[in-house]
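Summary of structural features
Each chain is listed here by its residues.
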Amino acid sequence: APVVEARAAARRVAHAAAVDRLIEVLDGISEPIATGPGLGATAWGDLAPAHEALRRRGAASLLVATGPTVDPSGATCLGALDAADALRAGLDSELLGEGELGARIATGGVGALLLSAVARAEDGSVVVPAGGAGLAALARFAAIPLVLVATPMRERPAEGATELAARVSAYAAVRARRPAAARGVSRGTRIVAPRVDLLDAAALGRPGRTGARTTVVVVG
């Protein structure tokens, strides 16, 4: 029991530090703020630092990307779980498909984009839930801050984008052997529905449309 309590206490301290860091990063950023999925209690537990930081910052609204589906029938998307978590955290959330959210980012309707980094490499490359790569590219060219919130590492960091890509490919191969239900899809059609995207360090470091580099902060 003492070991469990010590681990829980260390986790609370780490999450509190992440909340403080995120509040510092988001200072002065205009609303609304958009997030990819994977930043709520599903990934972090009840102490999800992104939602807590936004709540303490006084955010009035939150735009949540739908992201990949999380059940075999494709009825539930990861973003829906995040939106529910945001509501429980006291945030007014709106769930948007990646196309709609991307359009709002491109037209200047979003102040910042937060993405969950589910795996990292030593060179700065990260893996994010599917749809995040396209949203990150739009954020970069719209010159709005991009904040990568890293979940606790469950395995050693990869050396670089190449090793991360190999891990993503291996994961995709496992998924391919256990395909989700594909109702309404004609036989012979190739289905491409990744669960994650890879953002390599070189792409993250390129200048945005205005010439200014997008802010990238990894917390965790």
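Just above, that's the structure.
Residues numbered from 1 in each chain as written. Predicted model: local features only at pLDDT ≥ 70, side-chain atom pairs only at ≥ 80, totals over all residues. Heavy atoms only, no water.

1. Describing the pattern of salt bridges
If charged atoms from side chains of opposite charge come close, those side chains can pair. Scanning the model with the defined rule gives 7 salt bridges in all. For Arg 104, the salt bridge identified is with Glu 100, shortest N-O distance 3.0 Å. Placement of both Arg 104 and Glu 100 in helix α5 (residues 98-106) is noted, with a separation of 4 residues, approximately one turn of the helix. Through salt bridges that share partners, Glu 94, Glu 100 and Arg 104 make up one connected network. (Salt bridge = Lys/Arg side-chain N within 4 Å of Asp/Glu carboxyl O. Helix = DSSP H or I, 4+ residues; strand = E, 2+ residues; numbered from the N terminus.)

2. Some words on empty space enclosed by the protein
Here the idea is plain: a probe the size of a water molecule rolls over the atoms and shows the empty space left. Evaluated as defined, the whole model comprises 1 cavity of 30 Å³ or more. If you add up the space inside the largest cavity, you get close to 40 Å³. The class makeup of the residues in the lining of the largest cavity is 6 nonpolar, 3 polar and 1 charged. (1 Å grid on protein atoms, 1.4 Å probe; cavity = no way out; pocket = protein on both sides within 12 Å on 5 of 7 lines; lining within 4 Å. Points joined across faces, edges and corners; volume = space filled by probe spheres on them. Nonpolar A, V, L, I, M, F, W, Y, C, P; charged D, E, K, R; others polar.)

3. Section: the sheet that holds strand β6 (residues 126-129)
Strands sit in the order β5-β6-β8 across an open sheet of 3 strands; the sheet is antiparallel. Edge positions in the sheet fall to β5 (119-120) and β8 (196-199), since each of these pairs with one other strand and no more. In the sheet, β6 pairs with β8 via 4 bridges, with the strands oriented antiparallel. Note that in β8 the partner of Val 126 across the bridge is Leu 199. Its contacts with the sheet put helix α6 (residues 132-141) on β6 and β8, and the angle it makes with β8 is roughly 40 degrees. (Pairing = 2+ DSSP bridges. Contact = heavy atoms within 4.5 Å. Axes fitted to C-alpha atoms, helices over the stretch in contact; angles between N-to-C directions.)

4. So, the packing of α5 against α6
Packing of α5 against α6 leaves a shortest axis separation of 9 Å and a crossing angle of 10 degrees. As judged from the angle between their axes, α5 and α6 are roughly parallel. For the pair α5 and α6, contact is made by Glu 98, Leu 101, Gly 102, Ile 105 and Ala 106 and by Leu 135, Leu 138 and Ala 139, respectively. (Parallel < 35°, antiparallel > 145°, perpendicular 65-115°, else oblique.)

5. Considerations on the environment of Ala 18
Turning to its location among the elements, Ala 18 is positioned in helix α1 (residues 2-26). A sequence separation of 34 residues divides Ala 18 from Glu 52, and the C-alpha atoms of the two residues are 9.8 Å apart.

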